[in-house]
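For reference, the chains in residue letters:
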Amino acid sequence: MPDNFPRDITIDILIKLPVSSILRFNCVCKSWRSLIEDRQFIKQHYDRYKNDTNFHKIFLACIKYQYHCQQYYSNDAPFQHDSGISLLEHPPKINHTLTREFVVSSCKYGLFLLAFSYDKIILWNPTIRESRTIPRAIQIEKERSYDLRYSSSLENDKIVYGLGYVSTLEDYKIVRVGPKVSQGGHNIQIFSTKNDSWKLMGKLPRDTYYDRAMVIADGIVYMISHKKGKKFILSLCLKNEKFEEILCPDEDLGIVSETLFTIGESLFLAKFLSPVNKMVDFEVWCMKKNGMSCSWNIMLTIIIPCIWNDRFWMQPVGFIRDGDMLFLRDKTEFVIYDSKRHFQKVKVVELEESLCLNWAVTYVETLISPNAI
């Protein structure tokens, strides 16, 4: 009988199984259920697979224009060859009449943050099909009412959300940067899943403008920012709630755009330089922490052709094998850049060609419930 199994042997068996298989064993007996729901076991299971690309998955948000909404997919293989894809069920708390949906951020434990409107925010684990509705943010009198479904043409009116985890506090944090309030700047609110409450932290530093996007790695928020003509990366530590400025690597007047992204808990910067003769230099840099200081190492430099009237868009998604890197290119296709400096297009079976591939991220499936954190 399962109850008579030694606990260490049970752990050795279950920890080698994928999440989908473990969920089926949840009803075998009370002791197995207790083990599977144990936070330490969940962490051990995740840690076992987080660095093994054979167990990584790709979460993909696609816009389906005829229905004016997004569909979510998970790739069951790490793009090592032409591969199939699975359609994910929307969280049950979502109103499907919403005209626009946004996947905002992801965290290292396979949880996703979905923002549908000013007061509709959901924390979601698609693997175990559990979700949690986040309370509405603190109402600030000077912030005009804003709804993601009716986005203003003014970029300063956008509300930006991010999801991170502070390991020392064992707390998931949701960061909200509000719209600019006249001369008052952007208000920052932080939600603690442990306390189930929002906190008004303050504002962005005075005279600082950010690019209306953020990423979070290792409990720190990063935003490309500007101040009096100077470009830098503004960081916010979620533990001590303090700002710092980080210099961007190798600033060049020919830079067209820069984008921050994360792979695991590492921070990367993608840079596009001005096109020359229909070709553009694309660089990927990785930030390394050295105690209290930071340094940048260039990972790769690629010269690639421009398409679509000299515009080019390419989002790094993750490393897959032997140092090869997976990219989402022009929101229409996936490509792999290999060690031989070649691009290889990846065909995703059963994915409609008419879909706009809006956002993609590498993740590892987890057992953690959004309602248990």
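Residues numbered from 1 in each chain as written. Predicted model: local features only at pLDDT ≥ 70, side-chain atom pairs only at ≥ 80, totals over all residues. Heavy atoms only, no water.

**Q** Would you mind showing me how to read the overall build of the chain here?
**A** Across its full length, the chain carries four helices and 25 strands. Counting across all 373 residues of the chain, residues that qualify as buried make up 51%. Excluding contacts between residues fewer than 6 apart, the proportion of contacts in the chain whose partners are at least 24 apart in sequence is 49%. Within the structure as shown, the chain displays about 19000 Å² of accessible surface, and the carbon and sulfur contribution to it stands at 50%. (Helix = DSSP H or I, 4+ residues; strand = E, 2+ residues; numbered from the N terminus. Buried < 20%, exposed > 50% of the residue type's maximum accessible area, 1.4 Å probe, protein only. Contact = heavy atoms within 4.5 Å. Areas by Shrake-Rupley, 256 points an atom, 1.4 Å probe, with all protein chains shown as cover.)

**Q** Mind showing me how you'd approach the pattern of salt bridges here?
**A** Oppositely charged side chains are able to pair whenever their charged atoms sit close together. What the rule picks out here adds up to nine salt bridges. Note that E245 and K230 form a salt bridge whose closest N and O atoms lie 3.4 Å from each other. Linking E245 in strand β16 (residues 242-246) with K230 in strand β15 (residues 230-237), this pair joins segments that are 15 residues apart in sequence. Since its relative accessible area comes to 42%, E245 is described here as partly exposed. Residue class for K230 comes out partly exposed when judged on its relative accessible area of 38%. Among the ionic pairs, K231 bridges to E258, the shortest N-O distance being 3.0 Å. On the criterion of sequence distance, the pair formed by K231 in strand β15 and E258 in strand β17 (residues 255-263) is long-range, its members being 27 residues apart. What makes E258 buried here is its relative accessible area of 11%. The network of salt bridges with common partners includes K43, D47 and K50. (Salt bridge = Lys/Arg side-chain N within 4 Å of Asp/Glu carboxyl O.)

**Q** I'm lost on the sheet that holds strand β10 (residues 186-192) in this one. Help?
**A** Sheets are built from strands paired through backbone hydrogen bonds, the pairs being either parallel or antiparallel. Spatially, β8-β9-β10-β11 is the arrangement adopted by the four strands of the open sheet, whose pairing is antiparallel. Of all the strands in the sheet, the pair left with one neighbour each is β8 (160-166) and β11 (197-203). For this sheet, the mean angle separating the axes of adjacent strands, direction not counted, is 25°. For β8 and strand β9 (residues 171-180), the ladder comprises seven bridges, and the chain directions are antiparallel. Bridging across to β9, Y161 finds its partner in R176. (Pairing = 2+ DSSP bridges. Axes fitted to C-alpha atoms, helices over the stretch in contact; angles between N-to-C directions.)

**Q** Where do I start with the packing of aromatic side chains in this structure?
**A** Aromatic ring pairs are reported here in terms of the distance separating the ring centres and the angle at which the planes meet. The final tally for this structure, using the stated rule, is eleven aromatic pairs. Aromatic side chains F59 and F112 sit 4.0 Å apart centroid to centroid with 25° between the ring planes, which places their arrangement in the stacked category. Of this pair, F59 sits in strand β1 (residues 57-64) while F112 sits in strand β5 (residues 112-117); the two residues are 53 residues apart in sequence, bridging distant segments of the chain. Per residue, the accessibility class of F59 equals that of F112, and both read buried. Relative to W124, the ring of Y72 lies with its centre 5.5 Å away and its plane at 50°, an arrangement referred to as tilted. Note that Y72 is positioned in strand β2 (residues 69-75) and W124 in strand β6 (residues 120-125), a separation of 52 residues in sequence. Three or more aromatic residues joined by ring pairs form one cluster here, namely F59, Y72, F112, W124 and Y363. (Phe/Tyr/Trp six-rings, centres within 6.5 Å; stacked < 30°, edge-to-face > 60°.)

**Q** I tried to follow the sheet that holds strand β21 (residues 314-319) on my own but got confused; where do I start?
**A** Strands sit in the order β21-β22-β23-β24 across an open sheet of four strands; the sheet is antiparallel. Unpaired on one side and paired on the other, β21 and β24 (343-346) mark the two borders of the sheet. Recorded for the sheet is a direction-independent mean angle of 30° between the axes of neighbouring strands. The pairing of strand β22 (residues 325-329) with strand β23 (residues 333-337) spans five bridges and is antiparallel. Paired with L328 across the strands is F334, a residue of β23.

**Q** When you look at the pairing of β22 in this model, what are you seeing that I'm missing?
**A** In summary, the side chains of a regular strand alternate between the two faces of the sheet. By the criterion of burial, β22 is predominantly enclosed, with five of the five residues buried. Because side chains alternate across β22, one face comprises the buried residues M325, F327 and R329, and the other comprises L326 and L328, equally buried. As defined by bridge partners, β21 adjoins β22 across five bridges and the pair is classed as antiparallel. Bridge assignment links G318 to a residue of β22, and that residue is L326. Where β22 folds back on β23, the antiparallel hairpin that results is connected by three residues, among which D330 adopts a positive phi of roughly 50°.

**Q** I'm lost on the nonpolar core in this one. Help?
**A** In globular proteins that are soluble, nonpolar side chains generally tend to be buried together. By size, the foremost hydrophobic cluster in this structure holds 34 residues, and its most contacted members are F41, Y161, I174 and W198. Taken together, the elements giving at least two residues each to this core come down to α1 (7-14), α2 (19-24), α3 (30-36), α4 (39-49), β5, β6, β8 and β9. When sequence neighbours within four positions are dropped, the list of residues in contact with F41 reads I11, L14, I15, I22, L35, I36 and L367. (Core = buried A, V, L, I, M, F, W, Y, C linked by side-chain atoms within 4.5 Å.)

**Q** I'm lost on α4 in this one. Help?
**A** Each full turn of the α-helix corresponds to 3.6 residues, which orients residues three or four apart in the same direction. For α4, every residue scored as buried is listed here: F41, I42, H45, Y46 and Y49. The buried residues of α4 occupy an angular sector of 130° when projected down its axis, which confines them to one face. On its buried side, α4 packs onto α1, α2 and α3. The N-cap residue of α4 is D38: its side-chain oxygen and the backbone nitrogen of Q40 are 3.1 Å apart. (Arc of directions from axis to C-beta. Polar contact = N/O pair within 3.5 Å; in protein donor to acceptor, adjacent residues only side chain to side chain.)

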